Amino acid sequence: MAVRATVTRFPMDPDEQDSSGLPWGVTISPFSGKDENGNPPSIGSDGQNLPRCENCWAYFNTYCELDQWAWTCSLCGTLNGLSTHSISKYSHPQSCPEMSSSFIDLELPLEGYEEESMQARPVYVAAVDLSSSEEFLDLIKSALLAALEALPAGALFGLAAFSLKLGLYDVQGPVPVVKNVFIPPDADGTIQIGLEDVMPLFSFLAPVETCKERIASAIESLKPMTSWERSAAASQSLDGVLIGGRGFGAAMEALFNYLGSEYGTTFALARVFAFLSGAPDYGAGQLDTRRYGEQYASKREDADRALLPEQTSFYKELAAVAVQAGVCVDIIAVTNEYTDLASLKFLSIESGGSLFLYPNTDDSTLPQDMYRMLSRPYAFNCVLRLRTSSEFKIGRSYGHFFPDPEYENVQHIICCDSYATYAYDFEFAKVEGFSRHTSEPPMLQVAFQYSVVVPPEELSNSGLSSASRPKFSIKRRLRIRTLQYGAARNINELYDSVDSEVVLSILVHKVIQASLEQGVREGRILLHDWLVILTAQYNDALKLFQYGAGTSVAVQQIDVAFSQCPQLQPLPRLIFALLRSPLLRLHEEGVHPDYRIYLQCLFSALEPSSLHRAVYPVLMSYTTPDKQAYPRHSLSRAALITSGSPIFLLDAFTNLIVFYSSTADPSLPFPPPHDCLLRTTINKLKQERSITPKLLFIRGGQDDATAFENYLIEEQDVEGTGFTSVMGFVSFLEDINRSVLEYMK
């Protein structure tokens, strides 16, 4: 569980927080196996008997004062009695993780499942769009074959295909059999026949260890809709909208109801991978893609504001059906056509899944991403709860979870992996803030209750015989992290404790929310104004302003680069890069609305270091493939020239680019050999990623270097795009300087 704060020393009171200009909050990666310093939790059991405060319900931790019969809560100061069990247990502190570590992971008794009948088998279902091209299906086949290799033995796999009809595959006989049921074309129609009557669920869900070859054969047999079927679908129209052949909504609804019959008996979580080649355009949940082609400028409308909200609540409601059925949905869209991910995204993110977008089939990393996603562990049926000491409280929470309808500051997460990250910002609960004269520092406690499916090999130490041991087991666990922070004694201490990557994370969440509610222009204005205010507050706090005879500020004295505070120095570049990113560039600049939605979903789940790379890539240089020159350069052509290095590695999170300058010694091996330091670095970066980055090798002067040069965003030239909003970094700082002067008048 990695927890990172925007400031490691908290503001002393509301006045100091306001005058700093900084966001105050934390990011949390609850299922990360280690904390932000690389330390694992202390493992234990008996989590249900961990003492809890009678007042604030916080858990006992190493920061609590303990005597023989009672303990004092480190968050609220309440004195609590100890049970007989706890008194006996804490008489041997060396055997209690909560006595030795503030980061613990304890086993809980399993509730809500019949342990004898619950098989806990992992269930995976692929739902493939047949209203597609041969190229699309070839990519999906490669991805599913890669997925088969990653699935654990004992898992169950089902293959379904949808177009004008929903097809279910039975691969457990000698020859794969597909049974189809037609999808009604009406927008409010549903498949009338239950899928259990079409094919028993256990004929559809095949055990991977005995049926892998037949599953692979069924996958290879997938074919796109025939031209006759396409023309039959195209001849129909509904309210003037041409009907296609992609009956996605009705197919998903039927599949969820089908799987839900075995939820809690055969499986605790089923994962559905929905592969789409375009927008659903047939039957329930069909989407009208004509809105993308409308001329918003002529209507004086903000195109981004019009295209970011969903056009129907169908998929948000369908996500609730999926959750009730124990299904997590990953949507994988492979298309460059407008698919309205703004409407579709709710089905994935609200059911605990992910949203993937691949603009073409040529260089897609989908097979690698599928293998990677299925190879890593995940937690499900999670509950995340943040508690604070009494002086401050949670302001807003951000991330792919849904709030508990009854309890405040309790979030439910259907499914998450070790990369999934959530954010919170804080506000003071009391005007006096943290007292300067008290010995009680700010406290934060994160409690994360979750379930995992444990494979048979991890149960081998349980002492059960192979005959009586189930294939899989569910374990319920409680992970707790308690953190103590200091309070900054003055504004300098506060600025010196800033973590710019976490500040960026909180800001990204805020501008995404502003973009969705008020449009991208408002998101841009919010971000720009924030940097202006921070710069003004910093200059004012450090007494850097000099006033002349009147009240005007001397221009040359404004420090827009935060030269006296190294921790703040990355922020102008990060804000500049964020304003230049497709997340916040305007519709008329050619940003595809689906790509913007994809970035919103991706960025709002990334941990701070990864988000930093995605927004402002890391550029490092090498003297030779085996010797690094500098670990970080600014993203400018000037940096390349002045460094004098022949080789550069650019890490933009989704892309890794190795660039050999045109002046590089021809004797340097290109591409770099597999056993060199550069390749080792690349492989390490790829292993640490949640998604597979594309790797590109470019030789300056010989290959097209556009892909690399596009990341050198600090140069001033506009390169003929004609958009005056595109400015270099120096011009951007001059603009901030002018805006600060205006703000201070």
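No experiment lies behind these values; they were computed from the predicted model shown. (Residues numbered from 1 in each chain as written. Predicted model: local features only at pLDDT ≥ 70, side-chain atom pairs only at ≥ 80, totals over all residues. Heavy atoms only, no water.)

## Examining a negative patch on the surface
- Together, Glu134, Glu135, Asp138, Glu220 and Asp362 make up a negatively charged patch on the protein surface.
- The greatest single-element share of the negative patch, amounting to three residues, is contributed by helix H4 (residues 134-150).
- Mapped onto the elements of the fold, Glu220 is located in helix H7 (residues 208-220). (Patch = residues over 30% accessible without salt bridge, like charges linked within 9 Å, V, L, I, M, F, W, Y side chains within 5 Å. Areas by Shrake-Rupley, 256 points an atom, 1.4 Å probe, with all protein chains shown as cover. Salt bridge = Lys/Arg side-chain N within 4 Å of Asp/Glu carboxyl O. Lys, Arg positive; Asp, Glu negative; His and termini not counted. Charge placed at Lys NZ, Arg CZ, Asp CG, Glu CD. Helix = DSSP H or I, 4+ residues; strand = E, 2+ residues; numbered from the N terminus.)

## What about the sheet that holds strand E6 (residues 70-72)?
- In spatial order, the strands read E5-E6-E7; together these three strands make up an open sheet with antiparallel pairing. Two strands bound the open sheet, and with one partner strand each, they are strand E5 (65-66) and strand E7 (79-81).
- With two bridges joining them, E5 and E6 adopt antiparallel strand pairing. Residue Glu65 lies in a different strand from E6, and its bridge partner there is Thr72. (Pairing = 2+ DSSP bridges.)

## A short note on helix H23 (residues 729-744)
- For H23, spanning 16 residues, the distance from its first C-alpha to its last is 22 Å, which sits close to the expected 22 Å at 1.5 Å a residue.
- Buried residues of H23: Phe729, Ser731, Phe732, Leu733, Asp735, Ile736, Asn737, Ser739, Val740 and Leu741, and no others. (Expected span 1.5 Å × (residues − 1). Buried < 20%, exposed > 50% of the residue type's maximum accessible area, 1.4 Å probe, protein only.)

## Here we look at the packing of helix H9 (residues 248-260) against helix H11 (residues 314-324)
- Relative to each other, H9 and H11 sit at 15 degrees, their axes nearing to 9 Å. Judged by the angle between their axes, H9 and H11 are roughly parallel. In this structure, the crossing between H9 and H11 has a hand that is left-handed. For the pair H9 and H11, contact is made by Phe248, Gly249, Met252, Glu253, Phe256 and Asn257 and by Phe314, Tyr315, Leu318, Val321 and Ala322, respectively. (Axes fitted to C-alpha atoms, helices over the stretch in contact; angles between N-to-C directions. Parallel < 35°, antiparallel > 145°, perpendicular 65-115°, else oblique. Left-handed = near helix turned anticlockwise from the far one by under 90°. Contact = heavy atoms within 4.5 Å.)

## Some thoughts on the pattern of salt bridges
- This structure, assessed with the given rule, holds 26 salt bridges.
- One salt bridge in this structure joins Arg477 and Glu107, with 3.3 Å as the shortest N-O distance. Pair noted here: Arg477 is in strand E25 (residues 473-484) and Glu107 is in strand E8 (residues 103-108), with a separation of 370 residues, a long-range link.
- The class for Arg477 is buried, based on a relative accessible area of 13%.
- Close ionic contact of Arg376 with Asp417 constitutes a salt bridge, the shortest N to O distance being 2.9 Å. Residue Arg376 is located in the loop between helix H13 (366-375) and strand E19 (378-388), and its partner Asp417 is located in strand E22 (residues 410-417); the two are separated by 41 residues in the primary sequence. One exposure class covers both Arg376 and Asp417, and it is buried.
- One connected set of salt bridges, linked through shared partners, spans Asp105, Glu107, Lys475, Arg477 and Arg479.

## With respect to the confidence of the model for the chain
- Averaged over all residues, the pLDDT of the chain is 86; the fraction at 70 or higher stands at 89%.
- In the predicted structure, residues 114-118 sits below a pLDDT of 50 and forms nine contacts with residues beyond four places in sequence or in another chain.
- Scored below 50 in pLDDT, residues 459-470 makes eleven contacts in the model with residues more than four places away or belonging to other chains. (pLDDT = per-residue confidence, 0-100.)

## Examining the side chain of Asp425
- Locating Asp425 in the fold gives a position in strand E23 (residues 422-428).
- Within the local environment of Asp425, its side chain forms a polar contact with the backbone nitrogen of Arg396, the two atoms lying 2.7 Å apart.
- Here the side chain of Asp425 touches Lys510 through a polar contact of 2.7 Å, side chain to side chain.
- When near neighbours in sequence (up to four residues on either side) are disregarded, Asp425 contacts Trp24, Gly25, Lys393, Ile394, Gly395, Arg396, Tyr398 and Lys510. (Polar contact = N/O pair within 3.5 Å; in protein donor to acceptor, adjacent residues only side chain to side chain.)

## Structural notes on the nonpolar core
- The biggest cluster of nonpolar side chains holds 206 residues, and the ones touching the most others in it are Leu166 and Phe275.
- With residues near it in sequence (within four places) discarded, Phe275 still touches Ala126, Ala127, Val128, Asp129, Phe136, Ile140, Leu144, Phe162, Ile332, Leu366 and Met370. (Core = buried A, V, L, I, M, F, W, Y, C linked by side-chain atoms within 4.5 Å.)

## A few points about the packing of aromatic side chains
- Taken as a whole and assessed by the stated rule, the structure comprises 33 aromatic pairs.
- Taken together, the aromatic side chains of Phe10, Trp24, Phe392, Phe426, Phe428, Phe434 and Tyr485 make up a single cluster linked through ring pairs.
- Over the ring of Tyr378 we find Arg271; its NZ or CZ atom is 5.2 Å from the centre of that ring. (Phe/Tyr/Trp six-rings, centres within 6.5 Å; stacked < 30°, edge-to-face > 60°. Lys NZ or Arg CZ within 6 Å of the ring centre and 35° of its normal.)

## Brief notes about the environment of Tyr378
- Mapping Tyr378 onto the fold places it in strand E19.
- The class of Tyr378 is buried, set by a relative accessible area of 14%.
- Those residues in contact with Tyr378, other than ones at most four positions away along the chain, are Phe31, Tyr124, Leu269, Arg271, Cys415, Cys416, Asp417, Ser451 and Val452.

## Section: the sheet that holds strand E21 (residues 402-403)
- Strand order in the open sheet formed by seven strands is E4-E8-E25-E24-E19-E22-E21, with mixed pairing between adjacent strands. Looking along the sheet, the strands with just one partner apiece sit at the ends: strand E4 (42-44) and E21.
- With seven bridges connecting them, E19 and E22 associate as antiparallel partners. Residue pairing for E22: Cys382 is matched across the bridge by Ile413.

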